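Observations on chain architecture
What follows is the residue order along each chain.
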Amino acid sequence: MIQNTNSHSPFLRQPLTWVRRVGVLALASLVAGCSSDVMSPAGHVAVQLRNIMGISTFLMLLIVIPVMVAVCIFAWHYRASNKRAEYDPEFHHSTSLELLTWAAPLTIIVWLGAITWVGTHQLDPYRPLEQIDARTPVDPDVEPLIIQTVSMDWKWMFIYPQYGIATINEVAAPIDRPIKFEMTSTEVMNAFHVPALAGMIYTMAGMQTTLWAVGNDPGVYEGRSSHYSGAGFSGMSFDFHVLEQTEFEDWIGKSTQAEALDRQRYLELAEPSENVEPMFFELADEDLYHAILNRCLLPGEVCMDEQMMNEHARKNGGVRGSHHAGAHGAEQDELPVQGKSQENDIETLSGGESQDASELESDETPASELEPVSLNDNSRESLTGQQN
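For every chain, the first residue of the written sequence is number 1, and numbering continues from 1 onward in sequence order. The model is predicted, so local features are restricted to residues of pLDDT at least 70 and side-chain atom pairs to those at 80 or more, both for listing and for counting; the totals for chains, interfaces and linings are taken over all residues. Note that the side-chain values use all heavy atoms of the structure and ignore hydrogens as well as water.

**So, the packing of aromatic side chains**
- Only Phe, Tyr and Trp rings take part, Trp by its six-membered ring, and two of them pair if their centres are within 6.5 Å. Stacked means planes under 30 degrees apart, edge-to-face means over 60, and tilted covers everything else. Scanning all chains against the criterion turns up 12 aromatic pairs.
- Seen from their ring centres, Y163 and F248 are 5.6 Å apart, and the 80 degrees between their planes marks the pair as edge-to-face. Within this pair, whereas Y163 is found in the loop between β2 (155-160) and β3 (165-168), its partner F248 is found in helix α4 (residues 245-256), the two being separated by 85 residues in sequence.
- Their ring planes at 15 degrees and their centres at 5.6 Å tell us that F192 and F238 sit as a pair that is stacked. In this pair, F192 sits in strand β6 (residues 190-193) while F238 sits in strand β10 (residues 237-243), placing the two residues 46 residues apart along the sequence. We note that F192, like F238, is buried.
- Linked through ring pairs, W156, F158, F181, F192, F238 and F240 together constitute an aromatic cluster.
- In this scheme, Lys NZ or Arg CZ marks a charge over a ring once it lies within 6 Å of the ring centre and within 35 degrees of the ring normal. Residue placement shows R79 over the ring face of W76; its charged tip is 4.0 Å from the ring centre. Each helix corresponds to a stretch of at least 4 residues labelled H or I by DSSP, and each strand to a stretch of at least 2 residues labelled E; elements are numbered beginning at the N terminus. Each residue gets one of three labels from its accessible area relative to the maximum for its type: buried under 20%, exposed over 50%, partly exposed in between, using a 1.4 Å probe on protein chains only.

**Overview of α4**
- Any helix carries an expected span of 1.5 Å times its number of residues minus one. Between its first and last C-alpha atoms α4 spans 17 Å; for 12 residues at 1.5 Å apiece the expected length is 16 Å, and the two agree.
- A contact between two residues is defined here by any heavy atoms of the two lying within 4.5 Å. Those residues of α4 that are buried are in contact with β1 (145-152), β2, β3, β4 (170-174), β10 and β12 (279-283).

**Some thoughts on the sheet that holds β6**
- Ordered by their spatial adjacency, 5 strands build an open sheet running β4-β10-β9-β6-β7, and the pairing between neighbours is mixed. Bordering the open sheet on either side are β4 and β7 (200-203), each of which pairs with just one other strand. Taken pair by pair, the neighbouring strands of this sheet meet at an average axis angle of 25 degrees, ignoring direction.
- With axes taken as lines fitted to C-alpha atoms, and helix axes fitted only over the stretch in contact, angles between N-to-C directions fall between 0 and 180 degrees. Its contacts with the sheet place α4 against β4 and β10, and it is angled at close to 145 degrees to β4. Strands pair, by our definition, only if DSSP identifies at least two bridges between them.

**Some remarks on unusual backbone geometry**
- Here D153 and W154 are connected by a cis peptide whose omega angle stands at -10 degrees.
- Structurally, W154 can be placed in the loop between β1 and β2.
- The backbone of N275 sits at a positive phi, close to 50 degrees, despite the residue not being glycine.
- Within the fold, N275 resides in the loop between α5 (263-269) and β12.
- One non-glycine residue with positive phi stands out, namely R295, at about 55 degrees.
- Mapped onto the fold, R295 is located in the loop between α6 (288-293) and α7 (304-315).

**Side note on the confidence of the model for the protein**
- Taken as a whole, the protein shows an average pLDDT of 79; of its residues, 73% reach a score of 70 or greater.
- The pLDDT value expresses, per residue, how confident the predictor is, ranging between 0 and 100. Predicted confidence for residues 30-35 stays below pLDDT 50, and this span has 4 contacts to residues more than four positions away or in other chains.
- Under a pLDDT of 50 for its full length, residues 325-388 has, in the predicted model, 66 contacts with residues more than four places off or in other chains.

**Observations concerning the pattern of salt bridges**
- Here a salt bridge means any side-chain nitrogen of Lys or Arg lying within 4 Å of a carboxyl oxygen belonging to Asp or Glu. Inspection of every chain in the model, using the stated rule, returns 10 salt bridges.
- The closest approach of N and O atoms between R127 and E130, which form a salt bridge, is 2.8 Å.
- A residue is classified by how much of its surface remains accessible, and R127, at 32% relative accessible area, is partly exposed.
- Salt bridges sharing partners connect three or more residues here, namely E259, R265 and E268.

**Notes on a nonpolar patch on the surface**
- Each patch is built from residues that are more than 30% exposed by relative accessible area and take part in no salt bridge. Like charges join if they lie within 9 Å; nonpolar side chains (Val, Leu, Ile, Met, Phe, Trp, Tyr) join within 5 Å. Note that accessible areas follow from Shrake-Rupley with a 1.4 Å probe, and for residues the cover is restricted to the protein chains shown. There is a patch of nonpolar side chains on the surface, built from M60, L61, V64, I65, M68, V69, I73, F74 and Y78 and spanning about 860 Å² of accessible area.
- Within the secondary structure, F74 sits in helix α2 (residues 44-77).
- In this structure F74 comes out as exposed when scored by relative accessible area, which is 53%.

**A few points about the sheet that holds strand β11 (residues 259-261)**
- Reading across the sheet, the 7 strands line up as β8-β5-β1-β2-β3-β12-β11 and stay open at both edges, with mixed pairing between neighbours. In the strand order of this sheet, the two ends are held by β8 (209-213) and β11, each with one partner. Averaged over all adjacent pairs, the angle separating strand axes in this sheet is 30 degrees, with direction ignored.
- In this structure, β1 lies alongside strand β5 (residues 179-185), joined through 7 bridges in parallel fashion. The residue bridging I147 from the neighbouring strand is F181, located in β5.
- α4 contacts β1, β2, β3 and β12 of the sheet and is inclined by roughly 90 degrees relative to β3.

Written out as structure tokens, the structure is:
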């Protein structure tokens, strides 16, 4: 008696098991992809980024999928055992085939180029928002929320100058209100990224970058550093809260009664530390972000913007300005810039007696008496370029 053992064969059960496993993994990957912050955005900027990515992927698949299918068809049709496949060793050109292989890719490239061009300008991180969402324009009477962001080792500081508070590793914004991030870094270059709300942008010491965003759906979203910056990089993340207006005001209230943040406290926080828990502060120094950006936190340091202003004024005949508040109470000095000469010019135009050139020169501040100001090479080259 012959028994049918195929249904019980371990050889047949094994491939079926692997097929099931692969199917489960593929389904899990699809579900995970659909639930990610990138594919499930919570803000208008992130929605537009997702749409551009989706459209670009679809256009590329219009070429990739037919090519992959054609490879399989050609391999099957021209296999060695297929006697019906025509073999033509003299074939070298086909106009219709050339048009097909070139016209389709060129069309896709033109579409991708147009989408990239338009998207690059519409989603410029420095460009203020024009829409809250796809149907709602920005109300010109609504003041954007300014969040001054500082990447540190290895944590994030967020300063709210309009509310007089600061936080570490936690940030919040009210729903449907434009957000303007002004960002810099203490030392190491970093990258700010909240995938559910906006794109990624770098932060660099001594420079300011800008990013506009908006949150349309309440919730808590992950923010991270997407650029490796050292040993504590893996723990350099934060929670971004998109809240209703009343909830946002309550969140602000947590910081108004917290510890005061002055320059001394900031210097302590700037020391490298890993996996830092959220912290809240009351901002005690309104010029703190300016001092961080222009690198003049310590007493006696001249801010970078003041250095450039002094150098520019000196090259144009005088020195104007002095230490900012970053110099900790340094006196504001302003040397005259051709003051007497301007008065003499007015008298001359009104019919008054003209003065000799020697008298005009004597009224100007001699170049030898000007206060020397140090300037780095990059700033010097930048100012020279502006004058040229």
